[in-house]
Amino acid sequence: MQAAQGGDGDAYSRLLSDLVPLLRRTVGRRRAGAAAGDVEDLVQDVLLSIHVARASYDASRPFLPWLLAIVRNRLADGARRWGRRAAHELQVEDIEVTFSELGSNTGSGGLGEGRDLQRAMATLSPRQREAVVLLKLREMSLKEAAEASGQTVGALKVAVHRAMAVLRRRLGSPGTHGH
Amino acid sequence: MDTEELIRTLTNRMEPVRPLRRPWRRAALWTTLAVAYLAVLVVTMSPREDLARRMAEARFLVEQAAALLTGLSAAGVALATVVPGFSRRVLLVPLTPLAVWLGVVGAGALAEYSASGAGVLTWQFDWACIGTILTGAAVPGIAMGVMLRRGAAVAPHLSAAYGALAAAGLGNLGVCLFHPHSSYLILLVWHCGTVLVIAALAGATGARLLRWPPDSRAALAR
């Protein structure tokens, strides 16, 4: 970490890569029952937070307490976001899914491709796409998103639930989520 | 984006960073800025006429010393809380001088009540106290906010509360040097009370004031 603070990219890459299994175990233990995609989301959140917070690390002090404090903070934030997501989505059983493109799966891999996500987003209806952008990407509250979009809160909940279901099916594996 | 790609992106975009100085050194810098500002404020407002006489009183000296120590220790604690993994024991440090400060002022109020009876409890609004304390706390408060945001506010409510206690505590100290109060009861309610309310409000809104981490995913997407 000290080397990374000094700009050593190789050391930084090794550090982050070495941390991933530890973070997956830690997050998986504390979020028992969470979907693999949610665990990976939190792991990525922690890595991003480490990146943002690296100036705050004191090299004369142990690394693990610093790391675990960040993990706890991200877990608490993740729990709040999960709670908001559960409140924002309204589960609807009769999901109609149509695809405007045949054979749109490129087979080039799953969620790692940003272009796959963009293509998947393009197949959503305008309302669903707008709901995803406002609630998931910009992380607005339901009230803010309703005011911005002109949709009702209920309509937004239905739209984002259907959109996420479509995106999951289009993008295949639940192993990782894109943002 | 999968995790390996995220690591590659972070590594490619990383730049050297200057580690934050130790909390006590940052607190010393903040104190220097705060005291300089308060000195200008006191000179501008003119020291109270009875200041020399009050400075000869042990109770006044203990009261101001306790307020000063409260502010200084709260500043150190606030800056310590934006280093993830800080020891929770440090949170107790400002409580002793705070208790002394409240105790001295409270004892003074009690003495006034004992001497004058219920007449001293006449309610008196002293909004000027709030305004002057806010004026005294403004620049130290802004400086504290800037310094806290350079760290990682993993406990934003604590960081904001202790930071506000530091700024308001020192602000109150400066105010006491140019704004006389008519009784210890007024001091207890309108000075001590204002400082504690400011700290409580800051603590309640800490997560908004010290939003951490910043929207990292949006920054990566750009």
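Residues numbered from 1 in each chain as written. Chains lettered and ligands numbered in written order. Predicted model: local features only at pLDDT ≥ 70, side-chain atom pairs only at ≥ 80, totals over all residues. Heavy atoms only, no water.

Check the secondary structure of chain A and you find eight helices and zero strands. Along its sequence from the N terminus, chain A presents helices and strands in the succession α-α-α-α-α-α-α-α. Taken across its 179 residues, chain A has 42% of its residues classed as buried. Sequence-distant contacts in chain A: of pairs separated by 6 or more residues, those separated by 24 or more amount to 67%. (Helix = DSSP H or I, 4+ residues; strand = E, 2+ residues; numbered from the N terminus. Buried < 20%, exposed > 50% of the residue type's maximum accessible area, 1.4 Å probe, protein only. Contact = heavy atoms within 4.5 Å.)

When helices and strands are counted, chain B shows 10 helices and zero strands. Scanning chain B from its N terminus toward the C terminus, one meets helices and strands in the order α-α-α-α-α-α-α-α-α-α. Put simply, chain B has 222 residues, and 49% of those count as buried. Here the analysis covers contacts within chain B between residues at least 6 apart in sequence; of these, 87% occur between residues at least 24 apart. Carbon and sulfur atoms make up 67% of the accessible area of chain B, which totals about 11,000 Å². Positive and negative charge centroids in chain B, built from 19 and 11 side chains respectively, lie 7 Å apart. (Areas by Shrake-Rupley, 256 points an atom, 1.4 Å probe, with all protein chains shown as cover. Lys, Arg positive; Asp, Glu negative; His and termini not counted. Charge placed at Lys NZ, Arg CZ, Asp CG, Glu CD.)

Turning our eyes to something else, we now look at the packing of helix α4 (residues 58–80) of chain B against helix α5 (residues 95–116) of chain B. Residue and element names in this part refer to chain B. Here α4 crosses α5 at 150 degrees, and the two axes come no closer than 8 Å. Taken together, the axes of α4 and α5 are roughly antiparallel relative to one another. Once α4 is placed against α5, the crossing between them reads as left-handed. Mapping the contact onto sequence places R59, V62, E63, A66, A67, L69, T70 and S73 in α4 and P97, L98, V100, W101, V104, V105, A107 and G108 in α5. Each residue belonging to the contact of α4 with α5 can be placed in one class, and the counts come to 11 nonpolar, three polar and two charged. (Axes fitted to C-alpha atoms, helices over the stretch in contact; angles between N-to-C directions. Parallel < 35°, antiparallel > 145°, perpendicular 65-115°, else oblique. Left-handed = near helix turned anticlockwise from the far one by under 90°. Nonpolar A, V, L, I, M, F, W, Y, C, P; charged D, E, K, R; others polar.)

Facing the 30 residues of chain B at the interface are 40 residues of chain A. Across the interface of chain B and chain A, roughly 2,900 Å² is buried in total on both sides, 62% from carbon and sulfur atoms. Between chain B and chain A we count one salt bridge in total. Across the pair R22 of chain B and D58 of chain A runs a salt bridge whose closest N-O atoms are separated by 2.8 Å. Where chain B touches chain A, the interface holds eight residue pairs in polar contact (both at pLDDT 80 or more). Where the side of chain B that touches chain A is concerned, the elements lending two or more residues are α1 (3–13) and α10 (216–221) of chain B. Of all the elements, α1 of chain B adds the most residues to the side of chain B that touches chain A, at seven residues. When the residues that make up the side of chain B that touches chain A are grouped by side-chain class, the tally is 19 nonpolar, four polar and seven charged. (Buried area = accessible area lost by both parts, 1.4 Å probe. Salt bridge = Lys/Arg side-chain N within 4 Å of Asp/Glu carboxyl O. Polar contact = N/O pair within 3.5 Å; in protein donor to acceptor, adjacent residues only side chain to side chain.)

Moving on to the confidence of the model for chain B. Of the residues in chain B, 92% have a pLDDT of 70 or more, and the chain-wide mean is 88. Under the prediction, the complex receives an ipTM of 0.84, its pTM being 0.74. (pLDDT = per-residue confidence, 0-100.)

It is worth spelling out a positive patch on the surface at this point. A surface patch of positive charge is lined by R25, R29, R30 and R72 of chain A together with R88 of chain B. If you tally residues by element for the positive patch, the top one is helix α2 (residues 9–30) of chain A, at three residues. Positionally, R30 of chain A belongs in helix α2. According to the relative accessible area criterion, R30 of chain A is partly exposed, its value standing at 42%. (Patch = residues over 30% accessible without salt bridge, like charges linked within 9 Å, V, L, I, M, F, W, Y side chains within 5 Å.)

By size, the foremost hydrophobic cluster in this structure holds 80 residues, and its most contacted members are L47, W66 and L67 of chain A together with W30 of chain B. Counting residues per element, this core draws most heavily on helix α7 (residues 156–178) of chain B, at 12 residues. Contact partners of W66 of chain A, with chain neighbours within four places excluded, come to M1, I50, A53, R54, S56 and Y57 of chain A together with P84 and G85 of chain B. Within the second largest apolar cluster, 19 residues are counted, among which are A120, L142, A146 and M164 of chain A. (Core = buried A, V, L, I, M, F, W, Y, C linked by side-chain atoms within 4.5 Å.)

Right, let's get into the packing of aromatic side chains. Inspection of every chain in the model, using the stated rule, returns three aromatic pairs over all chains. Ring centres 5.6 Å apart and planes at 80 degrees place the aromatic pair Y57 of chain A and F63 of chain A in the edge-to-face group. F63 of chain A carries the same exposure label as Y57 of chain A, and that label is buried. A network of ring pairs unites the aromatic residues Y57, F63 and W66 of chain A as a single cluster. Note that R54 of chain A overlies the ring of Y12 of chain A, its terminal NZ or CZ placed 6.0 Å from the centroid. Across from the ring centre of Y184 of chain B, 5.5 Å away, lies the NZ or CZ of R59 of chain B, which sits over that ring. (Phe/Tyr/Trp six-rings, centres within 6.5 Å; stacked < 30°, edge-to-face > 60°. Lys NZ or Arg CZ within 6 Å of the ring centre and 35° of its normal.)

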